[in-house]
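As a plain string of letters, each chain reads:
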Amino acid sequence: MFLAFKELGYSKLKYILVTIILTAILFLLFFVNGLASGLSNADSSSLKNLPADYVVMNEEAEGNITKSQITEAEKQMVYEKVNHDQATPLTITMSTVKQDSRSTDIVYFALNTDRLTMPEVIEGKSVRAISGKEVIVDESIKDQGYSLNDTLKDENLDTEFKIAGFFENQTYSHLPVVYTSLTHWHENELTDQEVSQAVLYDGEKAGFDELEALTIDETVSAMPGYSETQGSLLMMITFLFIISAFVSTVFFYVITIQKTNQFGILKAIGADTKFIAKGMIIQVVLITALSLGLSLLGITGMTKVIPAEMPFEISISLIAFTGALFLALNLTGSLLSVYRAAKVDALEAIGRVE
Amino acid sequence: MRAIMKLENISKTFMDGDTPVKVLENISLEIKRGEFVAIVGPSGSGKSTLLSIIGALLTPSSGTVKINQEKISSYKPRQLKKVRSNKIGFIFQSANLIPYLTVKDQLLLVADIASKRNKQNKDKAVRLIDDLGLAHREKSHVHQLSGGEKQRVAIARAFMNDPEIILADEPTASLDSERGRQVVEMLLKEVKSKEKGAIMVTHDERMLDLCDRIYRMEDGQIREESMLSVENHPEPLHAKGGFPEKNKTL
Ligand SMILES: Nc1ncnc2c1ncn2[C@@H]1O[C@H](COP(=O)(O)OP(=O)(O)OP(=O)(O)O)[C@@H](O)[C@H]1O
Ligand SMILES: [Mg+2]
């Protein structure tokens, strides 16, 4: 213990350098991680938070919900197999709303809001309570200057909606999602009565002719571009892990090799491998923990600076998981050094010139 | 006085590939408390091997080693480690100090390894450093010390665990003869005042007048030399051809 600390103190520069390298790698690791989950969320949080167990689309859509079309007849077919009260058609419409000549792209999710367990709101009316022109909008629209009870003017549909509440994590392809009553849309002929994009239902998985019931996870990963983006980011994350483990393993291994003679002396004066290994592991843990702390400080500082539109999200669980994995990898790497130290013979200390 | 260390019929055989090489043959000797003994002999005659066996670094092929009545020659590695940590003080050819520790910490390390780091041992370290004339060097690092100072730190370290026996393998090899003699004199003083047993392997026969007894090793065999020959003919002994050039590490 005492030996490990004395060495850190004496060879400061060496250990500071490796701490800086590991901090930089970890910073990048957290950054890419935060970006991956931020992007994934901005892309698909509305799909992740769809209020149902299964999403039924037609087979040709291959899971891409905006391409899917379900006819009235098909809808009835689904309703025969699932609990009617626990199901709703979903119509997705992309559009633009205007306020003071400023346009905002949005995505309408029109559905029967009195079925299923609707998402929680963070402000205003609950989703179940809306009627007529009332809508619940993702809170990200606030950045565009909208607030509760404001009007969404839609020139494409030639209609108006009233913001009755806000919920969070409801974006599709980086755009705010608007939950609106499908009944209102049918009454005002805002959409084709005969087709919708999907049918959502709670319950068991069921099979349908020419239709496909996907889980929420399957729906998310079938989003165009989603798997590709997440896949490449995951690859970067994996490589960063490998690089970090490699850097620290090689660093400690090289230092261990430089110290074989010292280990010989230590063993000659009565130390065992446990004594030596304990010192090494203390050093690895200390340096890893220090790099983790520093990089977290850096990431926290950075989140204060980046613009709000940037899709970046980092959670405690992600940090804890990344940190634990990083520590585990580095400790595994240091076993190589411990193994090397264990092989050193006390005899090396005798009759050997430094 | 009772023997502090006793060797009985020690033999050691190394395997060189498939052929066994007998390095030590039937060696018996004993050291009493307060005795300072030298071992001389040509390179490759087995001096370091013998010292390693006494110092619990190697186990003999046959024969017994007793330190203070304790028969260590049949010990397992774990027990040998304990013997080294509690009963043996080593001084190596080059001081072999730990580069990133101060002089005082070199000594405290010994206490740390034995899990006996306490006030008492801290005081002891300070006293030992003082004894060896290094008081002004207590906080220096290894690279700031001269060769002689390093070797004195190594001596202090060897005494730190209050060993029964001190083993020194060519402790003066890296020093000039004047420094070397000073270091051996200090070692001698500590051995006498603390009543330890000490064995020193040396190539420098000018140190031999400081020793109580001398053993000469040749081809794995040992015999005691009379002190008379040392006092009368220090030079001739040196010139007698005890140094075949093979493997000389001087
Ligand atoms: N591990 C080993 N395996 C095989 N042979 C060994 C081993 N260790 C030592 N020897 C051999 O044992 C013999 C004695 O070696 P030792 O180191 O004891 O000699 P020494 O008297 O200390 O010599 P020097 O004065 O050069 O230090 C040498 O011939 C050496 O080659
Ligand atoms: Mg030798």
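Computed from a predicted structure; not experimentally measured. (Residues numbered from 1 in each chain as written. Chains lettered and ligands numbered in written order. Predicted model: local features only at pLDDT ≥ 70, side-chain atom pairs only at ≥ 80, totals over all residues. Heavy atoms only, no water.)

Here's the deal with the overall build of chain B
No. 1: Looking only at helices and strands, one finds eight helices and 10 strands in chain B.
No. 2: Relative to its length of 250 residues, chain B is compact, with a C-alpha radius of gyration of 18 Å against a globular reference of 18 Å.
No. 3: In chain B, once contacts between residues fewer than 6 apart in sequence are set aside, the share between residues at least 24 apart is 71%.
No. 4: Carbon and sulfur atoms form 46% of the exposed surface of chain B, whose accessible area is close to 11,100 Å².
No. 5: Once the 40 positive and 34 negative side-chain charges of chain B are each reduced to a mean point, those two points are 7 Å apart. (Helix = DSSP H or I, 4+ residues; strand = E, 2+ residues; numbered from the N terminus. Rg over C-alpha atoms; globule rule 2.2 N^0.38 Å. Contact = heavy atoms within 4.5 Å. Areas by Shrake-Rupley, 256 points an atom, 1.4 Å probe, with all protein chains shown as cover. Lys, Arg positive; Asp, Glu negative; His and termini not counted. Charge placed at Lys NZ, Arg CZ, Asp CG, Glu CD.)

Observations regarding the sheet that holds strand S6 (residues 88-91) of chain B
Two pairing modes exist for strands in a sheet, parallel and antiparallel, and in both the strands are linked by backbone hydrogen bonds.
All names here are of chain B.
No. 1: Ordered in space as S6-S7-S8-S3-S9-S10, the six strands form an open sheet in which the pairing is mixed. Strands with a single pairing partner mark the edges of an open sheet, and in this sheet they are S6 and strand S10 (221-225). Strand-to-strand twist in this sheet, taken as the mean axis angle between neighbours without regard to direction, amounts to 20°.
No. 2: In terms of strand pairing, S6 meets strand S7 (residues 165-169) through four bridges, oriented parallel. What sits directly across from Ile 91, in S7, is Ala 168.
No. 3: Across the sheet, helix H2 (residues 77-87) is in contact with S6 and S7; its angle to S6 comes to roughly 75°.
No. 4: Sitting on the sheet, helix H6 (residues 177-194) touches strand S3 (36-40), S6, S7 and strand S8 (197-201), and the angle it makes with S3 is about 135°. (Pairing = 2+ DSSP bridges. Axes fitted to C-alpha atoms, helices over the stretch in contact; angles between N-to-C directions.)

Comments concerning the environment of Gly 165 of chain A
All names here are of chain A.
No. 1: As for its position among the elements, Gly 165 is in strand S8 (residues 159-167).
No. 2: Given a relative accessible area of 0%, Gly 165 falls into the buried group.
No. 3: Between the C-alpha atoms of Gly 165 and Ile 122, which are 43 residues apart in sequence, the distance is 7.6 Å.
No. 4: Among residues more than four places away in sequence, those in contact with Gly 165 are Glu 123, Gly 124, Lys 125, Val 135, Ile 136, Val 137 and Leu 148. (Buried < 20%, exposed > 50% of the residue type's maximum accessible area, 1.4 Å probe, protein only.)

Examining the domain arrangement of chain A
Residue and element names in this part refer to chain A.
No. 1: Taken domain by domain, chain A comprises domain 1 (2-44 + 227-351) and domain 2 (54-202).
No. 2: Computed from C-alpha atoms alone, the centre-to-centre distance between domain 1 and domain 2 is 47 Å.
No. 3: Listed per partner, the contact involves six residues of domain 1 and five residues of domain 2.
No. 4: Of the roughly 460 Å² buried at the junction of domain 1 and domain 2 (both faces included), carbon and sulfur atoms supply 39%.
No. 5: A per-residue breakdown of the area domain 1 buries against domain 2 is headed by Asn 41, Ala 42 and Asp 43, which together make up 70% of the total.
No. 6: Remark: the boundary between domain 1 and domain 2 carries zero salt bridges.
No. 7: One can count five residue pairs in polar contact (both at pLDDT 80 or more) joining domain 1 with domain 2.
No. 8: Of the residues in the side of domain 1 that touches domain 2, the class split is three nonpolar, two polar and one charged. (Domains from an automatic or database assignment. Buried area = accessible area lost by both parts, 1.4 Å probe. Salt bridge = Lys/Arg side-chain N within 4 Å of Asp/Glu carboxyl O. Polar contact = N/O pair within 3.5 Å; in protein donor to acceptor, adjacent residues only side chain to side chain. Nonpolar A, V, L, I, M, F, W, Y, C, P; charged D, E, K, R; others polar.)

Structural notes on the site of ligand 1
Residue and element names in this part refer to chain B.
No. 1: As a structural note, the neighbourhood of ligand 1 is formed by 14 residues, with Ser 43, Gly 44, Lys 47, Ser 48 and Thr 49 the closest of them.
No. 2: Taking Ser 43, its side chain carries an N or O atom lying 2.4 Å from an oxygen atom of ligand 1.
No. 3: Taking Lys 47, its side chain carries an N or O atom lying 2.7 Å from an oxygen atom of ligand 1.
No. 4: Burial of ligand 1 by the surrounding chains reaches 65%, relative to a free accessible area of 640 Å².
No. 5: The class makeup of the residues in the shell around ligand 1 is three nonpolar, nine polar and two charged. (Near = heavy atom within 4 Å.)

Quick look at a nonpolar patch on the surface
Residue and element names in this part refer to chain A.
No. 1: Residues Leu 13, Ile 16, Leu 17 and Ile 20 make up a contiguous nonpolar surface patch of about 410 Å² in total accessible area.
No. 2: In this structure, Ile 16 sits in helix H2 (residues 12-48).
No. 3: For Ile 16, a relative accessible area of 44% puts it in the partly exposed group. (Patch = residues over 30% accessible without salt bridge, like charges linked within 9 Å, V, L, I, M, F, W, Y side chains within 5 Å.)

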